[in-house]
Amino acid sequence: MCGEADLLLPLHPVIGTIYPQRPCTIASPGHMREGLSLFPSAGVPRLRRPRTLYPWRWAPTLGRVRRAWVIPPISVSENHKRLPFPLVQIKSDKQQLGSVIYSIQGPGVDEEPRGVFSIDKFTGKVSLNAMLDREKTDRFRLRAFALDLGGATLEEPTDLEIVVVDQNDNRPVFRQEVFTGRVLEGAVPGTYVTRAEATDADDPETDNAALRYSILEQGGPQLFSIDPLTGEIRTVQVGLDREVVAVYNLTLQVADMSGDGLTATASAIITLEDINDNAPEFTGDQFFMEAAEAVSGVDVGRLEVEDRDLPGSPNWAARFTILEGDPDGQFTIHTDPRTNEGVLSVVKPLDYESRERYDLKVAVQNEAPLQAAAPRAERGQARVSVQVRDVNEAPVFQENPLRTSLAEGAAPGTPVATFSARDPDTQQLQRLSYSKDYDPEDWLQVDGATGRVQTQRVLSPSSPFLKDGWYRAIILARDDAPPPGPATGTLSIEILEVNDHAPELSPPWGSLCSTPDRGSGLLLGATDEDLPPHGAPFHFQLSPRVPELARNWSLSQVNVSHARLRPRLRVPEGLHPPDLAAFGAPWGRPPLRRDAPFGRARPQVTRALPTSPADIADFINDGLEAADCDPSVPPYDTALIYDYEGDGSLAGTLSSILSSLDDEDQDYSCLREWGPRFSRLADLYGPP
């Protein structure tokens, strides 16, 4: 059966509704309890008596197990300032009034935040003692207890939930004070730009946090819109032109209560990004400039252009092209990155005498391609007139450097060469003069009017300025125009070796056995101060002025620098070879050798002797290779290829090619004196 219940009325206005449940009786182990009836709180502030709850009553039901009553949440508004404020009264019907001790526990009582709620232990009245903030704590879950005066438990602990009702006490807040966005100029309507975002600390389930966005001001035509729910900003019209307005500053607003509550503002800065919708144009149809002749790498003038696109960008940067009037590529145009002007420069020297004026046709365009919808430039091309200015040009040597040759020991006054120059200034009457600029031995004399060069003394062969047979001098040529233009020319003179030294015997004396068939004779050598090919090979002969020498003496060639002298008959002991002579190549032009082409012999490089037996083979092979590759020396099997063995050796060469000028001049009779082993050779080569 249903029990009775007290009417519970709140003593303050609340937001929301508590729905009552019908009183009923439920079965439960233990004892029967009366049911509890709850009704909507009407929010009548004039009532001061808190409502009374019987949380421990049971509601019986027919044919069912009784269950405990679930107490609906108690609602209380945040920011309540009349404190303390009575919330509710709880009672137990097991004892008379005054014989029950009530208490509550939980957050807001004996847990943080402490002291928010309290209960009168004798009456069971629960009070609010502090102002609530839903944004910090939106509900409190407490436990209620009922004890007798002796401390024994009268009722089982029951739950008591207090819900904090939200008030619109927080303004919405933008996530940032300034939002930024970028969009291309000329963007179509509906193009996304940026998004504004805001938050509200109030209850998101209520209108207190229902936000709406709007644009308060955008400084001109309505070119942008904002989605009231999402905050997305987009373009709404055509006509965005960076060259007209580059940056838009929008004032945004957000309001809660679906746009009717508290508000906040922020800014949105929208920058239009440049596109190449403006072609560069020359500031004039024609430009006039002047350039000096005979110079290159110099700037002639500047071509000014205008472009409304973003300075410094590829849409603004100009690129120039010469279309006509420069067939030889003597001009170029580069862009000044700071001013965007075209700088006309000369890259190849101009010549006033061949052309006095250039008429160029030039064009300009951007580095970036022009948008298809952009208007074409009216002044995309221009004429440039360049007047060539005549200047005094330096003379030019027709052959520089000039190479010539001269025999060594040339007498003073010997002509060397005529080192003449020409004056490019053909339209000016000018005279050229010549002089020496560098002549370290002061060997040469230059005719100032003609440039004719001759020797003025004999050049020493040992001059330190004679490098590998070459002497170098520098000649100056000047014109007489103000200011004079000097030119330098290099004169290289090859000093030709001549056969101006006779060979000499070395040594000029010696001793030998007076008996013809005894001893090996006297080995004679020769030296010559001349360089090859005017030195070795030498030709030895007895003096033709004394015919009897040939009857008493025989002279056989050993190699290119040595010969062997033997007596034909027994000669008396004493002093004999005053009329013996050695001849090299004749003075003057040397005869052509049959075994090597005529030419200056290459200097012989000093070769280190082998230091171990293992190096001998390499030493010989290197010598053979050098001989095979050098056309100015005799064949490879001559003795001198390997190394010079010194003067006075009694041993002859092993070569069979140049061992003598005639096989009949050889005397092999000495082989008989060497014993039976050489008798066969004596029979083959010796005299019969």
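Just so it is clear, the structure is predicted and the values come from calculations on it, not from any experiment.

Enquirer: What should I look at first to understand the overall build of the protein in this one?
Expert: Along the backbone of the protein there are 3 helices and 41 strands. For the protein, buried positions account for 39% of its 688 residues. At a minimum sequence separation of 6, the contacts of the protein that also span at least 24 residues come to 67%.

Enquirer: Even after reading the chapter, I still don't get the pattern of salt bridges, so can you show me in this structure?
Expert: Oppositely charged side chains may form a pair once their charged atoms are brought near each other. All told, the structure shown has 21 salt bridges when counted by the stated rule. Between Glu324 and Arg383 there is a salt bridge whose closest N-O contact spans 3.8 Å. Placement of the pair is Glu324 in strand E22 (residues 318-324) and Arg383 in strand E26 (residues 381-389), with a sequence separation of 59 residues. Each of Arg134, Glu135 and Asp166 takes part in one network of salt bridges that share partners.

Enquirer: Please explain the environment of Phe117 as it appears in this structure.
Expert: Counting through the fold element by element, Phe117 comes out in strand E5 (residues 117-119). Each C-alpha atom, one on Phe117 and one on Pro86, is 9.7 Å from the other, the two residues being 31 residues apart in sequence.

Enquirer: Looking at this structure, I do not really get the sheet that holds strand E28 (residues 402-407). What am I missing?
Expert: Whether parallel or antiparallel, the strands of a sheet pair through hydrogen bonds between backbone atoms. Read across the sheet, 4 strands follow the order E28-E35-E34-E31 without closing on themselves; strand pairing throughout is mixed. Unpaired on one side and paired on the other, E28 and strand E31 (432-438) mark the two borders of the sheet. When the angles between neighbouring strand axes are averaged without regard to direction, this sheet yields 30°. For strand E34 (residues 470-479) and strand E35 (residues 486-496), the ladder comprises 9 bridges, and the chain directions are antiparallel. Counted as the bridge partner of Tyr471 is Ile493 from E35.

Enquirer: Got a minute to help me understand the side chain of Asn278 in this structure?
Expert: Here Asn278 shows up in the loop between strand E17 (263-273) and strand E18 (281-282). The class for Asn278 is buried, based on a relative accessible area of 12%. Of the polar contacts made by the side chain of Asn278, one reaches the side chain of Asp277; its length is 2.8 Å. Looking at Asn278, its side chain comes within polar contact range of the side chain of Asp309, at 3.1 Å. Residue contacts for Asn278: discarding those within four places in its chain leaves Glu243, Asp307, Arg308, Asp309, Asn315, Asn366 and Leu370.

Enquirer: Sorry, what's going on with the sheet that holds strand E14 (residues 224-226) here?
Expert: The strand order across the open sheet formed by 3 strands is E11-E15-E14, and the pairing between neighbours is antiparallel. Looking along the sheet, the strands with just one partner apiece sit at the ends: strand E11 (192-195) and E14. Going from strand to strand, the sheet's axes swing by 25° on average, the running direction of each strand aside. Relative to strand E15 (residues 232-235), E11 is paired through 3 bridges, and the arrangement is antiparallel. Of the residues in E15, the one forming a bridge with Arg195 is Glu232.

Enquirer: Would you explain the confidence of the model for the protein in this entry?
Expert: As a general rule, the predicted coordinates of low-pLDDT regions are not to be interpreted in detail. Across the protein, the average pLDDT comes to 79, with 74% of residues at or above 70. With pLDDT under 50 throughout, residues 639-645 is counted as low confidence; its partners more than four residues away or in other chains account for 19 contacts. Below pLDDT 50 for its whole length, residues 652-662 participates in 20 contacts with residues either more than four positions away or in separate chains.

Enquirer: Looking at this model, I keep getting lost on the pairing of strand E23 (residues 331-335). Mind explaining?
Expert: As a general feature of sheets, a regular strand has side chains that alternate between the two faces. Bridging between E23 and strand E24 (residues 342-346) involves 5 bridges; their strand directions are antiparallel. The residue bridging His334 from the neighbouring strand is Val343, located in E24. In textbook terms, the turn of a hairpin is the stretch between consecutive antiparallel strands, and for E23 and E24 this stretch comprises 6 residues, one of which, Asn340, has a positive phi near 65°.

Enquirer: Would you mind showing me how to read the environment of Gly342 here?
Expert: Along the chain, Gly342 turns up in strand E24. The buried category is assigned to Gly342, whose relative accessible area is 0%. As a C-alpha pair, Gly342 and Val364 span 22 residues in sequence and 8.8 Å in three-dimensional space. Each residue touching Gly342, except ones within four places of it in the same chain, is listed here: Gly301, Arg302, Leu303, Phe320, Ile333 and His334.

Enquirer: What should I look at first to understand the pairing of strand E40 (residues 562-567) in this one?
Expert: The element E40 is largely enclosed, with a buried count of 6 among its 6 residues. Alignment of strand E37 (residues 522-527) against E40, held across 4 bridges, turns out to be antiparallel. Directly across from Leu522, in E40, lies its bridge partner Leu565. Looking at chain direction, strand E39 (residues 553-557) and E40 are connected through 5 bridges and run antiparallel. What sits directly across from Trp553, in E40, is Pro567. Turn length for the E39-E40 hairpin, with the two strands adjacent in sequence and antiparallel, is 4 residues.

Enquirer: For this particular structure, what's the right way to read the environment of Thr450?
Expert: Among the secondary structure elements, Thr450 is positioned in the loop between strand E32 (444-446) and strand E33 (452-455). Accessibility expressed as a relative area gives 32% for Thr450, which makes it partly exposed. When the C-alpha atoms of Thr450 and Ser433 are compared, they prove to be 7.4 Å apart, with 17 residues separating the residues in sequence. In this structure the side chain of Thr450 is engaged in a polar contact, spanning 3.3 Å, whose partner is the backbone nitrogen of Arg452.

Enquirer: Hey, could you run me through unusual backbone geometry in this one?
Expert: Among all residues save glycine, negative phi is the norm, and among peptide bonds the norm is trans. At the junction of Leu83 and Pro84, the peptide bond is cis and its omega measures out at -10° in the coordinates. Along the chain, Pro84 turns up in the loop between strand E2 (74-77) and strand E3 (85-90). Cis peptide bonds are those with omega within 30 degrees of zero, and the linkage from Asn400 to Pro401 qualifies with 5°. Here Pro401 shows up in the loop between strand E27 (396-397) and E28.

About the criteria used
- Along each chain, the written sequence defines residue order, and numbers are assigned to residues from 1.
- Per-residue local features of the predicted model are confined to residues with pLDDT of at least 70, and side-chain atom pairs are confined, for both listing and counting, to 80 or more; whole-chain, interface and lining totals are unaffected and use all residues.
- The basis for every side-chain value is the complete set of heavy atoms in the structure, and neither hydrogens nor water enter the calculation.
- Counting from the N terminus, the helices are the DSSP runs of H or I reaching at least four residues and the strands are the DSSP runs of E reaching at least two.
- When a residue's accessible area, from a 1.4 Å probe over protein chains only, is under 20% of the maximum for its type it is buried; when over 50% it is exposed; and in between it is partly exposed.
- Any two residues whose heavy atoms approach within 4.5 Å at even a single point are treated as in contact.
- In the sections that follow, a salt bridge refers to a side-chain nitrogen of Lys or Arg positioned within 4 Å of a carboxyl oxygen of Asp or Glu.
- Whether two strands pair comes down to DSSP finding at least two bridges between them.
- Axis angles are defined between N-to-C directions and span 0 to 180 degrees, where every axis is a line fitted to C-alpha atoms and, for a helix, only to the segment in contact.
- Within 3.5 Å is the distance limit for a polar contact, defined as a pair of N or O atoms, with the added protein rule that one can donate a hydrogen and the other accept it, and that residues adjacent in sequence qualify only through two side-chain atoms.
- Per residue, pLDDT captures the predictor's confidence, and it can take any value from 0 to 100.

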